[in-house]
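Chains, contacts and geometry: an overview
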Amino acid sequence: MSFTRPRIAALAAIGAVALTLTACATGAGDPAPTASAEAEPVTGGNLTFAISVDSQCIDPQQVGNNDAIAIARQTVASLTIQDPENGEILPWLATDFEVNDDATSFTFTLQDGPSYADGEPIDAASVKTNFEAIQALGAKATLGSSYLADLESIDVVDDQTVTINFSEPNAQFLQATSTFTLGLLSPASAAVSQADRCLGDFVGSGPFSVQSYTPNEGAVLERREGYEWGPSTAAHTDEAYLDTITYKVVPESGNRTGSLQSGQIDATTGIATADAVLFEGDDFWSLNRANPGSVYNLYANQSTKKLADENVRLAIQKGIDREQITSTLLGPDDVPAVSPLASSTPYFTDLSDVLEYDPEAAADLLEESGWTEGDDGIREKDGEKLSFHVTYWQSPKEVLELVQQQLRQIGVDLQLTFASIADVQAANADGAYDFSYGNLTRADPDVLRTVFSVSGTSNATKRTEPAEIDELLDEQAAIIDPTERQKVVDEAAELLITGGYSIPIYQLSTTITAASKVQGLGFEASSRLDFYDAWIAE
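Attention in this report is confined to the structure presented alongside it. Since the structure is predicted, the reported quantities are computational estimates derived from the model, not experimental observations.

A complete count under the given rule lists 14 salt bridges for this structure. Salt-bridge contacts for R73 lead to E524; the nearest nitrogen and oxygen are separated by 3.2 Å. Taken as a pair, R73 in the loop between α2 (66-72) and β2 (80-82) and E524 in the loop between β23 (522-523) and β24 (529-530) lie far apart in primary sequence, 451 residues in all. Exposure class is identical for R73 and E524. Each is buried. Linking D444 and R485 is a salt bridge whose minimum nitrogen-to-oxygen distance equals 3.0 Å. Remark: R485 occurs in helix α15 (residues 482-498) and D444 occurs in the loop between β19 (435-441) and α13 (447-452); sequence separation between them is 41 residues. Judged by its relative accessible area of 1%, R485 is buried. A cluster of three or more residues bridged by salt bridges with shared partners is formed by R223, E239 and D243.

Bridge count for strand β6 (residues 151-158) against strand β7 (residues 161-166) is six bridges, and the pairing is antiparallel. Residue pairing for β7: L151 is matched across the bridge by F166. With antiparallel pairing between neighbouring strands as the criterion, β6 and β7 make up a hairpin whose turn holds two residues.

If you trace the three strands from one edge of the open sheet to the other, you get β14-β15-β16, paired in antiparallel fashion. What marks the edges here is a single partner per strand, and that holds for β14 (372-373) and β16 (384-385). Where strand β15 (residues 379-381) meets β16, two bridges bridge the pair, whose relative direction is antiparallel. Its bridge partner lying in β16, E380 is registered against K385.

Turning next to the packing of aromatic side chains. By the definition in use, this model includes 18 aromatic pairs. Ring geometry for F49 and Y247: centres 6.2 Å apart, planes at 65 degrees, overall edge-to-face. Here F49, found in strand β1 (residues 46-51), pairs with Y247, found in strand β10 (residues 244-249); they are 198 residues apart in sequence, far enough to count as distant. Here the two residues F49 and Y247 agree in accessibility, since each one is buried. Pairing Y247 with F531 gives two aromatic rings, centres 5.7 Å apart and planes at 70 degrees, and the pair type is edge-to-face.

On to the packing of helix α14 (residues 468-476) against α15. Relative orientation of the contacting elements α14 and α15 amounts to 150 degrees, with a least axis distance of 9 Å. When the interaxial angle is binned, α14 and α15 end up roughly antiparallel. Crossing geometry of α14 relative to α15 is assigned as left-handed. Contact residues: α14 offers E468, I469, L472, L473, E475 and Q476, while α15 offers R485, V488, V489, E491, A492, L495 and L496. Grouping the constituent residues of the contact of α14 with α15 by class yields eight nonpolar, one polar and four charged.

In a regular helix each residue adds 1.5 Å, so 17 residues correspond to 24 Å; α15 covers 24 Å between its end C-alpha atoms and thus fits that length. Every buried residue belonging to α15 is among P482, R485, Q486, V488, V489, A492, A493, L495, L496 and I497, and all of these are buried. Two to three positions downstream of the cap, the backbone nitrogen of T483 sits 3.2 Å from a side-chain oxygen, assigning the N-cap of α15 to D481. Of the residues flanking the end of α15, it is G500, one or two places downstream, whose phi is positive at about 70 degrees.

Once that is clear, we can look at the state of the cysteines. The final tally for this structure, using the stated rule, is one disulfide. There is a disulfide in this structure between C57 and C198, and the S-S distance comes to 2.2 Å. The sign of the -80 degrees torsion about the S-S bond sets the C57-C198 disulfide as left-handed. Of this pair, C57 sits in the loop between β1 and α2 while C198 is found in helix α6 (residues 194-198), placing the two residues 141 residues apart along the sequence.

Here we come to the side chain of T104. As for its position among the elements, T104 is in the loop between β4 (94-99) and β5 (105-110). When its relative accessible area of 12% is taken as the criterion, T104 is described as buried. Polar side-chain contacts of T104 include one of 2.7 Å to the side chain of D102. With sequence-adjacent residues up to four places away left out, T104 is seen in contact with I164, N165, F166, E168 and P169.

Attention shifts here to the side chain of T246. Looking at the secondary structure, you find T246 in strand β10. The class for T246 is buried, based on a relative accessible area of 18%. In contact with T246, not counting residues within four places along its chain, are N46, L47, T48, F49, A219 and V220.

A cis amide bond, omega 0 degrees, links S395 with the succeeding residue P396. With respect to the element layout, P396 can be found in the loop between β17 (387-392) and α11 (398-408). Even without glycine at this site, Q56 takes up a positive phi of about 70 degrees. By the element assignment, Q56 lies in the loop between β1 and α2. In the Ramachandran plot, S527 falls in the positive-phi region, its phi being about 60 degrees despite a non-glycine side chain. Mapped onto the elements of the fold, S527 is located in the loop between β23 and β24. Accessibility expressed as a relative area gives 5% for S527, which makes it buried.

About the cut-offs
Residues numbered from 1 in each chain as written. Predicted model: local features only at pLDDT ≥ 70, side-chain atom pairs only at ≥ 80, totals over all residues. Heavy atoms only, no water. Salt bridge = Lys/Arg side-chain N within 4 Å of Asp/Glu carboxyl O. Helix = DSSP H or I, 4+ residues; strand = E, 2+ residues; numbered from the N terminus. Buried < 20%, exposed > 50% of the residue type's maximum accessible area, 1.4 Å probe, protein only. Pairing = 2+ DSSP bridges. Phe/Tyr/Trp six-rings, centres within 6.5 Å; stacked < 30°, edge-to-face > 60°. Axes fitted to C-alpha atoms, helices over the stretch in contact; angles between N-to-C directions. Parallel < 35°, antiparallel > 145°, perpendicular 65-115°, else oblique. Left-handed = near helix turned anticlockwise from the far one by under 90°. Contact = heavy atoms within 4.5 Å. Nonpolar A, V, L, I, M, F, W, Y, C, P; charged D, E, K, R; others polar. Expected span 1.5 Å × (residues − 1). Polar contact = N/O pair within 3.5 Å; in protein donor to acceptor, adjacent residues only side chain to side chain. Disulfide = S-S within 2.5 Å.

So, in structure tokens, the structure goes:
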């Protein structure tokens, strides 16, 4: 079966090379252990999974938080699937796809037979309805709106063929069609309010459907009968094995540990590094994978006077000892950032030679910009302290507390407020922050354009004037040839560091810790949890 044009095949191949070269370092690879080499999956049963936070929404087209995605991903199938081992884009609901030479037009031929959970066929018209509904969500579709930026038209060629056209080259779109964000919902869901969809009132195309969702408590998904179009990357293609998946919101790390030990939950990704040793026996297993995309960053608001100064941003970047952070606070799988991109991202290149801890150089940069050390050790200029504030929700909070200590050594005062997701979103909504903090998971380097471009969906640095970095980020998004795209991605990633746009800290990874009876639970290419092959051993 021919499902891709030769140039797209080459694009997948270079992504495969980039991903394969870094898999050993990031823990990507092996599937979850099985009960024995001869073990056959068992149908039935419930798997109870603990999540750490509840973002009050499980609609796959609106969510962005990893815990919510762990629920949402199971409810939708996508046009394509990305191979987690090599980054290649493969057919899923689409049996064939073609991309024109300048990556402005993408044509998908759909399988004949798959349906939504309400019985409606998954056809070309429903794909059009889905993508237009994501556009209509606007900022509510935080990820989808960036994937569909510059969407010009959607042509329903026939029942099984749809063409998506963009006004600008959009090389990232093919990978976007493999994500949960562009996963397909029944056309009837487009008429449901945003709020009700967040509460689980939607009909999906995936192997599980929402049975119930109670904010701040949890959700229950149930197996969808008649499902038989699982992706080629899975171990099977028909109905899921589990009857149900029960997600429990367990905010406290110690409670998650105790619940897994006692059997109140079967698995979680929320075990603290210090507690990992408790699950090293035969009764449990763990599996780790690096999250591709943008690593954890401090995003400097360059619309503020102090952070508009490149020297200040570079000094803060050079004043962070990433090795100390990961070696003292995090597990062996959470490694120091060596690029704005995580090492599991296609087109990643190690840039540790330009991203270095150098407090002496940091001090020189601040002196050059007129910031001199005050009596309390904090630098001052024109009567103003070199002080900044960041409101954040991510754990472990000790990471930023150590960054705070490190920056104080070069005379920078970083004030921290640990808050709920909702409070952090509110604090950052008006763009008045000094720094925001976070990462963005995506298995495509265009994530850098989303986060850092002046015209990007996030524009986390709040710049208003285009610069050379924006030209590079736009250029890589227009390149189909993999070798040429690699060159531009490398140039952009290095400029993000040398220009002080990116202040990377560490590379996030996700670790599943589970009871030995849990089998087949693993990751997809974006390190999102995949319960489709999961089953409970008797």
